[in-house]
Amino acid sequence: DDIFLFMTGRAVISVDEEAVTPHFGAGGLQQLILDIHFLLKVLENVASPEVSSFGAEVCENALRAFLAEQVDTSKLKPGEWYEKRVQHATDKYIPLVPQFSRKEGT
């Protein structure tokens with residue numbers, strides 16, 4: 001949960017605003033969204049229920065930041081693209097890590 005709390009700005013930390021650069025391109029945004037979707041899928045059996053909403057919030061904030069700077073959104077992939085990529089990766093890799101393929105407490 002802590003990583004998403006940090007990424008949503010809810011963590012109680014001190015950040016040097018001048019050291020943080022909010023700019024990223026379409027490729028960076030897509031990779032962030034893909035990584036978060038993959039993490040959420042892999043951790044869905046072991047993470048707290050709030051993690052999904054925090055992850056969605058991080059993706060929304062990143063998309064808003066991107067849209068605030070970019071006019072051309074043609075390079076962004078549709079939602080189904082992310083889902084297909086994540087499903088393919090989890091189908092391939094989750095069976096290799098048994099603790100991720102079973103529900104908590106089983």
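Residues numbered from 1 in each chain as written. Predicted model: local features only at pLDDT ≥ 70, side-chain atom pairs only at ≥ 80, totals over all residues. Heavy atoms only, no water.

Aromatic ring pairs are described here by two measures, namely the spacing of the ring centres and the angle between the planes. Going through the model one piece at a time under the given rule, you end up with one aromatic pair. Aromatic side chains Trp81 and Tyr82 sit 5.0 Å apart centroid to centroid with 85° between the ring planes, which places their arrangement in the edge-to-face category. Using a relative accessible area of 7% as the deciding quantity, one classes Tyr82 as buried. The ring of Trp81 carries the charged tip of Lys77 above its face, separated from the ring centre by 5.5 Å. (Phe/Tyr/Trp six-rings, centres within 6.5 Å; stacked < 30°, edge-to-face > 60°. Buried < 20%, exposed > 50% of the residue type's maximum accessible area, 1.4 Å probe, protein only. Lys NZ or Arg CZ within 6 Å of the ring centre and 35° of its normal.)

The next thing to look at is the nonpolar core. Membership of the largest hydrophobic core comes to 13 residues, with the highest contact counts inside it found for Leu29, Ile33 and Ile36. Listed by contribution, the elements that provide at least two residues to this core are helix H2 (26-43), helix H3 (50-69) and helix H4 (79-93). Here this core takes six residues from H2, the largest share from any one element. Not counting residues within four places of it along the chain, the set of residues in contact with Ile33 comprises Cys59 and Tyr82. (Core = buried A, V, L, I, M, F, W, Y, C linked by side-chain atoms within 4.5 Å. Helix = DSSP H or I, 4+ residues; strand = E, 2+ residues; numbered from the N terminus. Contact = heavy atoms within 4.5 Å.)

Moving on, we get to the side chain of Thr90. Relative to the elements of secondary structure, Thr90 occurs in helix H4. Thr90 gets classed as buried once you look at its relative accessible area, which sits at 5%. In this structure Thr90 touches Phe38, Lys41, Val42 and Pro95, once residues within four positions along its chain are discounted.

Now for H2. With 18 residues, H2 extends 26 Å between its outermost C-alpha atoms, agreeing within 8% with the 26 Å of an ideal straight helix rising 1.5 Å per residue. Of all the positions in H2, only Ala26, Leu29, Gln30, Ile33, Leu34, Ile36, Leu40 and Val42 are classed as buried. (Expected span 1.5 Å × (residues − 1).)

Next up on the list: the pattern of salt bridges. Using the criterion set out here, one finds two salt bridges in the structure. Residues Glu44 and Lys41 are paired through a salt bridge, measuring 3.6 Å at the closest nitrogen-oxygen approach. (Salt bridge = Lys/Arg side-chain N within 4 Å of Asp/Glu carboxyl O.)

The description of two packed helices rests on the angle between their axes and on the distance between the axes. The interhelical angle for the contact between H2 and H3, taken along N-to-C directions, is 175°, at an axis separation of 10 Å. Between H2 and H3, the angle falls in the class roughly antiparallel. Contacts between H2 and H3 involve Ala26, Leu29, Leu32, Ile33, Ile36, His37 and Leu40 from the former and Val51, Ser52, Gly55, Val58, Cys59, Ala62, Leu63 and Phe66 from the latter. Classifying every residue of the contact of H2 with H3 by side-chain character gives twelve nonpolar, three polar and no charged. (Axes fitted to C-alpha atoms, helices over the stretch in contact; angles between N-to-C directions. Parallel < 35°, antiparallel > 145°, perpendicular 65-115°, else oblique. Nonpolar A, V, L, I, M, F, W, Y, C, P; charged D, E, K, R; others polar.)

On to the side chain of Gln30, then. Tracing the chain through its elements places Gln30 in helix H2. Gln30 sits in the buried class, given a relative accessible area of 11%. In this structure the side chain of Gln30 is engaged in a polar contact, spanning 2.8 Å, whose partner is the backbone nitrogen of Lys77. Setting aside residues up to four positions removed in sequence, Gln30 forms contacts with Lys75, Leu76, Lys77 and Tyr82. (Polar contact = N/O pair within 3.5 Å; in protein donor to acceptor, adjacent residues only side chain to side chain.)

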